[in-house]
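Survey of secondary and tertiary structure
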Amino acid sequence: MSEQNELSEADELYRIRHSASHIMATAVLEMFPDARLAIGPPIKDGFYYDFELPRPLSTDDLGEIEERMRRLVKENFRFDRETWSKDRAREFFADQPYKLELIEGIADSDVSIYLSGPFTDLCAGPHVNYASKCKHFKLMKVAGAYWRGDETKPMLQRIYGTAWKTREQLERHLNMLEEAKRRDHRKLGKELDLFAFDRLAPGAVFWKPKGWASYRQLQDYFREIEDANDYIEIFNPLLYNKELFETSGHWEHYREHTFHFEQNEQTFCLKPMNCPDTMLFFASRKRSYRELPLRVAEFGVLHRNELAGALSGATRVRQFCQDDAHIFCAESQLYDEVVTLMRMIDQTYQMLGLQYELELSTRPDKFMGAVELWDKAEAMLKKALDDRGEPYRVHEGDGAFYGPKIDIQVRDCLGRSWQCGTVQLDFQLPRRFELTYTASDNSEQTPVVIHRAISGSLERFFAILVEHFAGAFPTWLAPVQAVVVPITDDHNDYAWEVAGQLKANRIRVEVDDRSEKMGYKIREHQTQKVPYMLVVGDKEAESATVAVRTYAGGRRGEVTVDALIDEIVERIRMRALDVEVKPIELAGTADDDEIGSDMEDRGY
Ligand SMILES: [Zn+2]
Ligand SMILES: [Zn+2]
């Protein structure tokens, strides 16, 4: 029996991807014998290898490298590990300065080497046993990458590839990427005129009227849930003297992620989170146990100094807003609060039709506070999760240093998972700010704080929703909920009259009275994914009706304006999902050549 049969799917994919990167390096060395090699690790869904090459690579080169790789895979050489002395390795890699640098960084006196066909690499492995395991791959792109990620070091060329165990998996992955491209929020944001980006404000969203209309609906929705659960809302300054963050500990531990500057002989800092200023609110007057739990929401504008290279549309930004809140409570109130929070989470995500999973992260190696307190808090969170009755994951040791937490992982219709909201217990911050309340026995006690956000960053959450719905928002979230289309200019007056009635009922409506062909207008509003298209002509004007065509259901015929208003208002009130977004089937074709390749395993 081969050893590889006992590997988990993840381990096997890891080996396949790592080995594919070696095979790619083999092909690149064939084409450029003087290439200098840096590193070539497996990554999520694939692999890369960094090279210093005599000329920049083009897409055509990728095709040639792929062809060479296919030939190499067919040669089906073994991957063998050897242990060399550092001297032997130095001699072998004499022309490879990056490898020499890596060798110097290795603490042991010996180094691990992998040999595969004509290729030899400094590498800890592990790898597949035979090259034929790596036949389902595709090279994706070339990008620049600094050696060791350091911009003072040479810029190398990084080739990215993807590799899978079967052709079906590979095809599914490529289909997923195609579908993701189609739904990309940056593309749809432009097409639907929702938001824009500008190099003059890197990492920040410029909300256009349509996008902002939807964003406000989302924010209102979170407010409504908070109001129903006894939250109060504050709005504090964005810019603070650094002293605030010295007290909170962020200045010491988080400074490089903040924007700060000196002016008027003070050091100012843009707040990267709402926690410290919410502590000030609690401390602003004497507090009694009667006020607890005190649930304080703040849609504060936050800035974080993300690396320019990490920025990506609205999902990785420097300026954002969270549906953030801090709950101050007594230890004895924690359980009920967490249960309520999980109910709010369930309500929110189910209403949006999103699939999600909760994950518990427990005490890390480096933690603050008493172990007993941690144990108690973790047991309490576990009980709350158990009582909820849904499966959840546990990440041992992944909690924050100040307390355990529950994270919300959202899975979109393409099966991609996103970390969204979070519920974090914090025993430390209230102490740092010396917060107290008077207990029923008149003693002064320190409250516990729960940091919580249900969606996390609203910008990011919005982007996820754009991609999940492929821009076809349910009516309540849609930027424009209805568009009235007069058949000819003669019907413009009636069109505006209908629009006026809808507007009076707070429905976001537009009139398309351009002198364009009917078919053209209808196609355009269909592309804009407007939920309700209302066509009006003589017949409709006479009977106070509209001819309805919905984005979700197509042509529906005549409806009176009053009945239509009732319907739309009710759908908005219910926040109904117009169409249920189901996980997308991304089938690849089944493999017919899988049997056979495993026959080579016997030598391993
Ligand atoms: Zn390697
Ligand atoms: Zn917080």
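The written sequence of each chain sets the order in which its residues are numbered from 1. Labels follow written order: the first chain is A, the first ligand is 1, and so on. Only residues with pLDDT of 70 or above have their local features reported here, since the model is predicted, and side-chain atom pairs are shown and tallied only from 80 upward, although totals for entire chains, interfaces and linings are computed over all residues. With hydrogens and water stripped out, all remaining heavy atoms of the structure feed into the side-chain values.

**Considerations on the side chain of Asp-61**
Summarising the element assignment, Asp-61 is placed in helix α2 (residues 59–75). By the criterion applied in these results, polar contacts are pairs of N or O atoms within 3.5 Å in which, for protein atoms, one can donate a hydrogen and the other can accept it, and in which residues neighboring in sequence qualify only through two side-chain atoms. There is a polar contact of 2.7 Å between the side chain of Asp-61 and the backbone nitrogen of Ser-58. Asp-61 has contacts with Met-31, Arg-55 and Pro-56, leaving out every residue within four places of it along the chain. Helix and strand assignments come from DSSP, with helices taken as H or I runs of at least 4 residues and strands as E runs of at least 2, each series counted from the N terminus. When checking whether two residues touch, look at their non-hydrogen atoms; a contact exists if any pair is within 4.5 Å.

**Quick look at the pairing of strand β21 (residues 417–426)**
Burial within β21 is extensive, with eight of its 10 residues counted as buried. Only strands joined by at least two bridges in the DSSP assignment are considered to pair. Alignment of strand β20 (residues 405–411) against β21, held across six bridges, turns out to be antiparallel. Within β21, the position partnered with Gln-409 by the bridge is Gln-419. Taken together, β20 and the strand that follows it, β21, pair antiparallel across an intervening segment of five residues, in which Gly-415 is found at a positive phi of about 80 degrees. Pairing of β21 with strand β24 (residues 448–457) involves five bridges; the strand directions are antiparallel. If you follow Leu-425 over to β24, its bridge partner there is Ile-450. Under the scheme applied here, a residue whose accessible area is under 20% of the maximum for its type counts as buried, over 50% as exposed, and between as partly exposed, the area being computed with a 1.4 Å probe on protein chains only.

**As for the environment of Ser-457**
Among the structural elements, Ser-457 can be located in strand β24. The exposure class of Ser-457 is buried, given its relative accessible area of 12%. Here the alpha-carbon distance between Ser-457 and Asp-324, two residues 133 residues apart in the chain, equals 8.7 Å. Discounting residues that sit within four places of it in the chain, Ser-457 has contacts with Phe-320, Cys-321 and Gln-322.

**A look at the pairing of strand β13 (residues 260–263)**
Here β13 pairs with strand β14 (residues 266–270) via four bridges, running antiparallel. Along β14, the bridge assignment pairs Glu-262 with Thr-267. Two successive antiparallel strands, β13 and β14, enclose a turn made up of two residues, where Asn-264 displays a positive phi of approximately 50 degrees.

**A few points about the coordination of the zinc ion (ligand 1)**
Shown as donors are all N, O and S atoms within 2.8 Å of a metal ion, widened to 3.2 Å for Na, K and Ca; because water is not in the atom set, sites may appear incomplete. Only His-18 (NE2), His-22 (NE2) and Cys-123 (SG) from the protein coordinate the zinc ion (ligand 1), and they sit 2.1 to 2.3 Å from it. Written as a sequence motif, the donor residues of the zinc ion (ligand 1) are H-x3-H-x100-C. One end of the pair, His-22, is in helix α1 (residues 9–31); the other, Cys-123, is in the loop between β6 (119–122) and β7 (136–146), with 101 residues separating them in the sequence. Classification of His-22 as buried rests on a relative accessible area of 1%. The buried category is assigned to Cys-123, whose relative accessible area is 9%.

**Here's the deal with the packing of aromatic side chains**
Note on ring pairs: Phe, Tyr and Trp rings are taken, using the six-membered ring of Trp, and paired if centres are within 6.5 Å. Classes follow the plane angle, with under 30 degrees stacked, over 60 edge-to-face and the rest tilted. The final tally for this structure, using the stated rule, is 26 aromatic pairs. Ring geometry for Tyr-215 and Phe-462: centres 6.5 Å apart, planes at 55 degrees, overall tilted. A residue pair is termed long-range when its members are at least 10 positions apart, and Tyr-215 in helix α7 (residues 209–228) and Phe-462 in helix α14 (residues 458–468) qualify at 247 residues. Here Tyr-215 falls in the buried class, since its relative accessible area comes to 3%. With centroids separated by 5.2 Å and ring planes inclined at 80 degrees, the aromatic side chains of Phe-401 and Tyr-402 adopt a geometry described as edge-to-face. Judged by relative accessible area, which is 37%, Phe-401 ranks as partly exposed. Overall, Tyr-402 belongs to the buried group, its relative accessible area being 19%. By way of ring pairs, the aromatic residues Phe-195, Phe-197, Trp-207, Trp-212, Tyr-215, Phe-462, Phe-469 and Phe-473 are connected into one cluster. It is Arg-17 that lies over the ring of Trp-164; its NZ or CZ is 4.4 Å from the centre. The criterion is that NZ of a Lys, or CZ of an Arg, lies within 6 Å of the ring centre and within 35 degrees of the ring normal, and then a charge sits over that ring. The lysine or arginine in question, Arg-363, covers the ring of Phe-367, its NZ or CZ lying 5.3 Å from the ring centre.

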